[in-house]
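# Examination of the molecular architecture
So you can see what is in the structure, the chains are spelled out below.
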Amino acid sequence: MADLAPAEGPVLEQILDATYEIWHEGLDRRAYARYYAAQRATPWGRAHLSRVALVDRGDVHASAKLYAFDATLDGRSMRVAGIGAVFTQPAHRRRGAAKELLERLLDRASKDGAHKADIALLFSEIGPEYYARLGFVPIVTSEQQLRVIESTRCGAPATWVRFGDDRDLPAVAALGETRAAPFRFHLNRDRDLIHYSIAKKRLLAGLGPAGARELQFFVAEEGTSAVAYVVISANRMGNGVAWTLEECGDRDPTGARVGAILQVLIARDPAEHRPVIRAWLPANFRPRQLAVVGEQAPHEIMMMKPLTPAGEAARTLKAEELLYWRADAF
Ligand SMILES: CC(C)(COP(=O)(O)OP(=O)(O)OC[C@H]1O[C@@H](n2cnc3c(N)ncnc32)[C@H](O)[C@@H]1OP(=O)(O)O)[C@@H](O)C(=O)NCCC(=O)NCCS
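Read across the open sheet, the seven strands follow the order S8-S10-S11-S12-S13-S7-S14; overall the sheet is mixed. With one partner strand each, in any of the chains shown, strand S8 (161–163) and strand S14 (290–296) form the two edges of the open sheet. Here the average twist between neighbouring strands, direction ignored, is 30°. Both strand S7 (residues 143–148) and strand S13 (residues 277–279) contribute to a ladder of three bridges, which runs antiparallel. Each residue of the ladder has a partner; that of Leu146, found in S13, is Ile277. Strands in contact with helix H6 (residues 169–180) are strand S11 (225–237) and strand S12 (240–250); relative to S12, the strand with the most contacts, it is inclined by about 75°. In the packing of helix H8 (residues 256–267) onto the sheet, the strands contacted are S7, S8, strand S10 (213–222), S11, S12 and S14, and the crossing angle to S11 comes to about 45°.

See below:
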């Protein structure tokens, strides 16, 4: 019988060799390995990110990443087991390896002492059916395409915008906590998780081909503390740039400062092709400087599976009842 083992050393190499082709995101093979190692070396990654494999005498059958998140559902704190990068080595496909891996992984996660998870969460790239058979319920969410409405004053609005850095993270976490509070479900995003999330995109940009990707973290401040911020992944595509608004926050409930920051960023380069911005905005957060030009279901389908009685309420979640930033998709 195959063992459920941590993916390290030669086991991890087998997994990276096989998964590289579909998940390299433009990195070369060496950078692909460094990308994962560097994520694990962050303060959050060390404690909350791991990879598990079903291994038989050194031969990997299937593997997955496991993220241990803290979250809130209906006002109760709970732990969420995030499952990512589910993969069966090509030679072992269609023999139930992924099913066995997931069942054993979730069984362990639901009993695991201090890390006992109430809910399993994943983002399916292969439609909902496979995971529905394993008890996961799809949560219908939507992705917006946004355009920045440019200031009629033909220039940047008078908002002081600067690069964000680590000293802003406590303020960013506090803005997020206030915004998330009314929602039935959200991750509890502390400083380390926000740092991890930004570091991950920065690593991807830094390890990839020069100029292809960029991570932009900007804040607007009042006094000395950040009162609004945006985190954007910018991808160069042909002549243009595609932006993903990974996350944002604003002390102003309407998001007026987030809108102003985006106007400032657009005005930096008047000749640049205007990007369409992809985002997973929380319900009721529509800064007036942003026009929603499209809305559709994201390619990755959010799915949850309750693992304990406390997690059962996750089955009834509706899109407008949860807050989940694109930054935290895995
Ligand atoms: C999806 C995957 C993990 C399934 O692994 P597996 O060990 O072969 O899975 P199981 O034996 O438990 O189940 C096989 C069933 O998976 C389903 N399945 C496999 N690939 C699928 C896909 N791309 N889309 C939808 N369903 C798929 C099929 O129903 C298949 O049954 P069939 O062969 O009778 O049609 C494997 O095909 C894989 O590694 N694919 C590449 C990576 C990937 O796409 N991972 C999912 C990310 S969300």
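Structure shown, so let's carry the discussion forward.
For strand S2 (residues 49–56), a buried count of six out of eight residues is recorded, marking the element as mostly surrounded by other parts of the structure. The sheet contact formed by strand S1 (residues 3–6) and S2 spans four bridges and is antiparallel. Counted as the bridge partner of Pro6 is Val52 from S2. Pairing between S2 and strand S3 (residues 59–73): eight bridges, direction antiparallel. Residue pairing in the sheet places Arg51 in a bridge with Lys65 of S3.

With that settled, consider the domain arrangement of the protein. Along its sequence, the protein is organised into domain 1 (3–139 + 299–328) and domain 2 (143–296). For domain 1 and domain 2, the distance between their C-alpha centroids amounts to 27 Å. Across the boundary between the two partners, domain 1 contributes 29 residues, which contact 30 residues of domain 2. Broken down by class, the residue content of the side of domain 1 that touches domain 2 amounts to 16 nonpolar, five polar and eight charged.

Around the ligand, the surrounding shell holds 17 residues, and the nearest of these are Thr88, Arg93, Ala98, Lys99 and Ile126. Broken down by secondary-structure element, the contributors of at least two residues to the shell around the ligand are strand S4 (76–88) and helix H4 (97–111). Residue composition of the shell around the ligand, by class: eight nonpolar, four polar and five charged.

Attention now moves to H8. With 12 residues, H8 ought to run about 16 Å at 1.5 Å a step, and its terminal C-alpha atoms sit 17 Å apart, in line with that. Extensive coverage of H8 is indicated by the burial of nine of its 12 residues. What H8 keeps buried is the set Arg257, Val258, Gly259, Ala260, Ile261, Leu262, Gln263, Val264 and Ile266. Buried residues along H8 sit against S7, S8, S10, S11, S12 and S14.

Conventions adopted
Residues numbered from 1 in each chain as written. Predicted model: local features only at pLDDT ≥ 70, side-chain atom pairs only at ≥ 80, totals over all residues. Pairing = 2+ DSSP bridges. Helix = DSSP H or I, 4+ residues; strand = E, 2+ residues; numbered from the N terminus. Axes fitted to C-alpha atoms, helices over the stretch in contact; angles between N-to-C directions. Contact = placed C-beta atoms within 7 Å. Buried ≥ 20, exposed ≤ 12 C-beta atoms within 10 Å, placed from the backbone. Domains from an automatic or database assignment. Nonpolar A, V, L, I, M, F, W, Y, C, P; charged D, E, K, R; others polar. Near = placed C-beta within 6 Å. Expected span 1.5 Å × (residues − 1).

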